[in-house]
Amino acid sequence: MSDTSTDEKISDSSQIEAVKRSSDKSEMEDAASKRPCQDGDSSEEVNDQKSSDVNSREATTEGTQDEGENGLKYEYLDHTADIQIHSWGETLEEAFEQAVVAMAGYQTELHTVEMTSVERIEAQGEDILSLLFHLLDEFLFLFCADPFFVAREVKILEFDRENWKIVAEGRGEAFDLSKHPQGTEVKAITYSNMQVHDSEGKHECYFILDI
């Protein structure tokens with residue numbers, strides 16, 4: 001009689017412990033599922049978001065590249081971590097102008113930008129690639145520091161290929177979060193895979209922005 005009672009108590013205790021372990025395991029799984037990001041899928045979520053941003057901007061640009069005299073002539077290309085931009089024009093000057101507009105278009109929605117003010121810049125380089133680099137960098141500086149200027153249109157006034165100098169004007173306005181949607185932050189211009197093609201019937205620029 002004593003042995004039977006002891007066996008029943010051990011069995012009951014084992015069942016209670018099993019139920020408790022099952023309950024603890026379920027609670028742990030629930031808690032894990034509620035964490036905002038797991039180590040294994042953090043990079044996938046970031047890459048998916050960047051891919052979504054790029055696809056969204058490509059869709060916005062597509063179909064508007066050749067609209068009228070001032071139509072946009074640029075596109076955003078897929079890149080592993082950053083963003084690659086391809087711009088073109090009837091002349092190399094236009095391809096450079098479109099490169100600047102493309103960069104601005106990645107930072108905000110250009111259709112929300114009114115052309116109420118003008119900013120003039122000068123860019124100096126040592127060759128054609130460094131000239132493009134410094135042109136973009138001058139306009140990036142205008143956006144990142146006072147007057148926080150967004151250029152919706154750009155016009156090159158002087159393109160000196162002997163001294164590698166550009167004088168250009170941007171038309172737009174100061175960035176205002178209450179009016180302009182915040183796009184992707186551009187941290188810097190890079191020389192990575194930068195290309196400038198200037199030949200009859202082919203005036204194009206390729207460059208990568210650090211985002």
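One structure accompanies this document, and this report is about it. Remember, it's a predicted structure, so these values are computed and weren't measured experimentally.

### Focus: the overall build of the protein chain
Regarding its fold elements, the protein chain presents four helices and eight strands. When the helices and strands of the protein chain are placed in sequence order, the string is α-α-β-β-α-β-α-β-β-β-β-β. Approximately 12700 Å² of the protein chain is accessible, and the part contributed by carbon and sulfur atoms is 46%.

### What about the sheet that holds strand β3 (residues 117–124)?
Taken in spatial order, the three strands of this open sheet run β3-β5-β4, and their pairing is antiparallel. Looking at the sheet topology across the chains shown, the edges are occupied by β3 and β4 (149–160). For this sheet, the mean angle separating the axes of adjacent strands, direction not counted, is 25°. Across the sheet, helix α3 (residues 92–107) is in contact with β4 and β5 (165–174); its angle to β4 comes to roughly 160°. Against the sheet, helix α4 (residues 128–144) touches β3, β4 and β5, its axis set at about 145° to β3.

### Some details on the environment of Asp127
Structurally, Asp127 is set in the loop between β3 and α4. Exposure remark for Asp127: the relative accessible area of 36% places this residue in the partly exposed category. Measuring from C-alpha to C-alpha, the distance between Asp127 and Trp164 comes to 6.2 Å, with 37 residues separating the pair along the chain. Only 2.8 Å separates the side chain of Asp127 from the backbone nitrogen of Ser130, close enough to count as a polar contact.

### Here's the deal with empty space enclosed by the protein
Scanning all chains against the criterion turns up one cavity of 30 Å³ or more. By volume, the largest cavity is sized at about 60 Å³. If you go around the largest cavity, the residues you meet are Val100, Met103, Ala104, Gln107, Phe139, Phe143, Phe149, Val150 and Ala151. For the lining of the largest cavity, the elements supplying multiple residues, two or more each, are α3, α4 and β4. For the lining of the largest cavity, the leading source of residues is α3, giving four residues. The class makeup of the residues in the lining of the largest cavity is eight nonpolar, one polar and no charged.

### A word on α3
When the terminal C-alpha atoms of α3 are compared, their 23 Å separation across 16 residues agrees well with the 22 Å that a helix rising 1.5 Å per residue should span. α3 sits mainly inside the fold: 15 of its 16 residues count as buried.

### Focus: the pattern of salt bridges
Tallying each qualifying case throughout the model produces eight salt bridges. Close ionic contact of Glu93 with Arg161 constitutes a salt bridge, the shortest N to O distance being 3.8 Å. Of this pair, Glu93 sits in helix α3 while Arg161 sits in the loop between β4 and β5; the two residues are 68 residues apart in sequence, bridging distant segments of the chain. Assessed through its relative accessible area of 24%, Glu93 is described here as partly exposed. The closest approach of N and O atoms between Glu169 and Arg120, which form a salt bridge, is 2.8 Å. Taken together, the positions of Glu169 in strand β5 and Arg120 in strand β3 put the pair 49 residues apart, joining distant regions of the chain. Under the relative-accessibility criterion, Arg120 is labelled exposed at 54%. One network of salt bridges, in which partners are shared, links Lys73, Glu90 and Glu94.

### Notes on the nonpolar core
Within the largest apolar cluster, 43 residues are counted, with the highest numbers of intra-cluster contacts made by Phe96, Leu132, Leu135, Phe139, Ile166 and Leu209. The biggest single contributor to this core is α3, with ten residues. Aside from chain neighbours lying at most four places away, what touches Phe139 is Val100, Met103, Ile121, Ala151, Val154, Ala168, Glu169 and Gly170.

### Quick look at the packing of α3 against α4
The contact between α3 and α4 brings their axes to 10 Å, and the two run at 35°. Considering how the two elements wind past one another, α3 and α4 form a crossing that is right-handed. For the pair formed by α3 and α4, the contact residues are Leu92, Phe96, Ala99, Val100, Met103 and Gln107 on the first element and Ile128, Leu131, Leu132, Leu135, Leu136, Phe139, Leu140 and Phe143 on the second.

Conventions used here
Residues numbered from 1 in each chain as written. Predicted model: local features only at pLDDT ≥ 70, side-chain atom pairs only at ≥ 80, totals over all residues. Heavy atoms only, no water. Helix = DSSP H or I, 4+ residues; strand = E, 2+ residues; numbered from the N terminus. Areas by Shrake-Rupley, 256 points an atom, 1.4 Å probe, with all protein chains shown as cover. Pairing = 2+ DSSP bridges. Axes fitted to C-alpha atoms, helices over the stretch in contact; angles between N-to-C directions. Contact = heavy atoms within 4.5 Å. Buried < 20%, exposed > 50% of the residue type's maximum accessible area, 1.4 Å probe, protein only. Polar contact = N/O pair within 3.5 Å; in protein donor to acceptor, adjacent residues only side chain to side chain. 1 Å grid on protein atoms, 1.4 Å probe; cavity = no way out; pocket = protein on both sides within 12 Å on 5 of 7 lines; lining within 4 Å. Points joined across faces, edges and corners; volume = space filled by probe spheres on them. Nonpolar A, V, L, I, M, F, W, Y, C, P; charged D, E, K, R; others polar. Expected span 1.5 Å × (residues − 1). Salt bridge = Lys/Arg side-chain N within 4 Å of Asp/Glu carboxyl O. Core = buried A, V, L, I, M, F, W, Y, C linked by side-chain atoms within 4.5 Å. Left-handed = near helix turned anticlockwise from the far one by under 90°.

Purely spatial values, then, with no claim about function.
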